[in-house]
Amino acid sequence: MGGPALASLPGRLADCLRASEPAAKIACVHGLQADWLAGRIELAANMPRVPLDVPGRPARPERVSPHQVPRRRADTVVGRAALVHALAHIEFNAINLALDAAHRFVGMPAAFYADWLRVADEEALHFELLDTHLTTLGHRYGDFPAHDGLWDMALKTAHD
């Protein structure tokens, strides 16, 4: 008798990319990395992927153009919170970007996917740390506006 069926990497990547709430995305990414390292994920490197133009993300923060994001001043608590929020938003985007890199490119060596899964897992940890610190400043992720410049660039370069 064979062991339990392995989950497919493309399917698990898509699940994590679609997760919208930060806690769900973080849990998905950490679970994916743990399952990958434990050998519970089938590479399925040649399995076609359905491109995702917009990853899952929470309703907040409000998305604005990069020029509309207010200046962040580090000389006030609110200013420091806005700065930490901006860093947390960068890390949240970095999770999606790492997942996208592993999802977008078909037929790469296993080491390519392993590296991007590790990056996604590390970015998830970075987000968690910043989000925790943000709460010590009296704010939550989503309290300040943010832009999608990093993801917009990923879409512009999706062909290459």
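My aim in this report is to walk through the structure given alongside it, one point at a time.

Cis geometry is found at the peptide bond from Arg60 to Pro61, where omega equals 20°. Note on placement: Pro61 falls in the loop between strand E2 (41-42) and helix H3 (77-104).

Together, Leu83, Leu87, Ile90 and Leu150 make up an exposed nonpolar region whose accessible area comes to about 310 Å². Sorting elements by how many residues they give to the nonpolar patch places H3 first, with 3 residues. Structurally, the position occupied by Ile90 is in helix H3.

Formed by 30 residues in total, the largest nonpolar core has its most connected members in Leu9, Leu13, Val29, Leu32, Ile95, Leu99 and Phe127. Listed by contribution, the elements that provide at least two residues to this core are helix H1 (9-18), helix H2 (22-37), H3 and helix H4 (110-136). Here this core gets 9 residues from one element, more than from any other, and that element is H3. Filtering out sequence-adjacent residues up to four positions away, Val29 remains in contact with Cys16, Ile95, Leu99, Ala120, Asp121 and Ala124.

One pass over the structure, following the stated rule, counts 1 disulfide. In this model, Cys16 is linked to Cys28 through a disulfide, with the two sulfur atoms separated by 2.2 Å. Between Cys16 and Cys28, the S-S torsion sits near -90°, and that sign places the bridge as left-handed. Within this pair, whereas Cys16 is found in helix H1, its partner Cys28 is found in helix H2, the two being separated by 12 residues in sequence. Classification of Cys28 as buried rests on a relative accessible area of 18%.

Further remarks concern H4. Spanning 27 residues, H4 covers 40 Å between terminal C-alpha atoms, matching the ideal 39 Å at 1.5 Å per step. Tyr113, Leu117, Ala120, Asp121, Glu123, Ala124, Phe127, Leu130 and Leu134 are the residues of H4 that are buried. Contact partners of the buried residues in H4: H1, H2 and H3. Downstream of H4 by one or two residues, Gly138 has phi in the positive range, about 85°.

What follows deals with the packing of H2 against H3. It is at 12 Å that the axes of H2 and H3 come closest, and there the two elements cross at 40°. Classified by the interaxial angle, the pair formed by H2 and H3 is oblique. You can see that H2 and H3 cross each other, and the crossing is left-handed. Residues Pro22, Lys25, Ile26, Val29 and Leu32 of H2 lie in contact with H3, whose contacting residues are Phe92, Ile95, Asn96 and Leu99. Classifying every residue of the contact of H2 with H3 by side-chain character gives 7 nonpolar, 1 polar and 1 charged.

Within this structure, the stated rule accounts for 6 aromatic pairs. Centre to centre, the rings of Phe105 and Phe112 are 6.2 Å apart; their planes meet at 90°, and the pair counts as edge-to-face. Ring centres 6.5 Å apart and planes at 65° place the aromatic pair Phe112 and Trp116 in the edge-to-face group. Of the two residues, Phe112 and Trp116 both sit in helix H4, 4 residues apart, roughly one turn of that helix. The partly exposed category is assigned to Trp116, whose relative accessible area is 30%. Grouped by ring-pair contacts, the aromatic residues Phe105, Phe112, Tyr113 and Trp116 constitute a single cluster.

Each value, and the rule that gives it
As a convention, each chain's residues are numbered from 1 in the sequence order in which they are written. Whole-chain, interface and lining totals are the exception, using all residues; otherwise, since this is a predicted model, local features are given only for residues with pLDDT of at least 70 and side-chain atom pairs are given and counted only at 80 or more. Based on all heavy atoms of the structure, the side-chain values leave hydrogens and waters out of the count. Under the DSSP-based scheme used, a helix requires at least four consecutive residues in state H or I and a strand at least two consecutive residues in state E, with every element numbered from the N terminus. The patch calculation keeps residues exceeding 30% relative accessible area without a salt bridge and links them within 9 Å when they carry like charges or within 5 Å when they are nonpolar (Val, Leu, Ile, Met, Phe, Trp, Tyr). In this description, accessible areas are obtained by the Shrake-Rupley approach with a 1.4 Å probe, and a residue is regarded as covered only by the protein chains that are shown. Salt bridges are counted wherever a side-chain nitrogen of Lys or Arg sits within 4 Å of a carboxyl oxygen of Asp or Glu. In this text, buried Ala, Val, Leu, Ile, Met, Phe, Trp, Tyr and Cys residues form a nonpolar core when linked through side-chain atoms within 4.5 Å. Summary of the burial criterion: residues with accessible area below 20% of their type's maximum are buried, those above 50% are exposed, and those between are partly exposed, where the area comes from a 1.4 Å probe applied to protein chains only. Note on contacts: a residue pair is in contact if any heavy atoms of the two residues lie within 4.5 Å. Working definition: a disulfide is two cysteine sulfur atoms within 2.5 Å of each other. Helices are assigned an expected span. That span is 1.5 Å times one less than the residue count. Only C-alpha atoms enter the line fits that serve as axes; for helices the fit covers just the stretch in contact. Angles between N-to-C directions range over 0 to 180 degrees. Small angles under 35 degrees read as roughly parallel and large ones over 145 as roughly antiparallel, with 65 to 115 read as roughly perpendicular and the rest as oblique. For a crossing to be left-handed, the near helix must be turned anticlockwise from the far one by less than a right angle; the clockwise case is right-handed. Under the scheme applied here, ten amino acids are nonpolar (Ala, Val, Leu, Ile, Met, Phe, Trp, Tyr, Cys and Pro), four are charged (Asp, Glu, Lys and Arg), and all others, including Gly, are polar. Aromatic contacts are taken between Phe, Tyr and Trp rings whose centres are within 6.5 Å, Trp giving its six-membered ring; a plane angle under 30 degrees counts as stacked, one over 60 as edge-to-face, and the others as tilted.

None of the figures reported here should be taken as evidence of function without further support.
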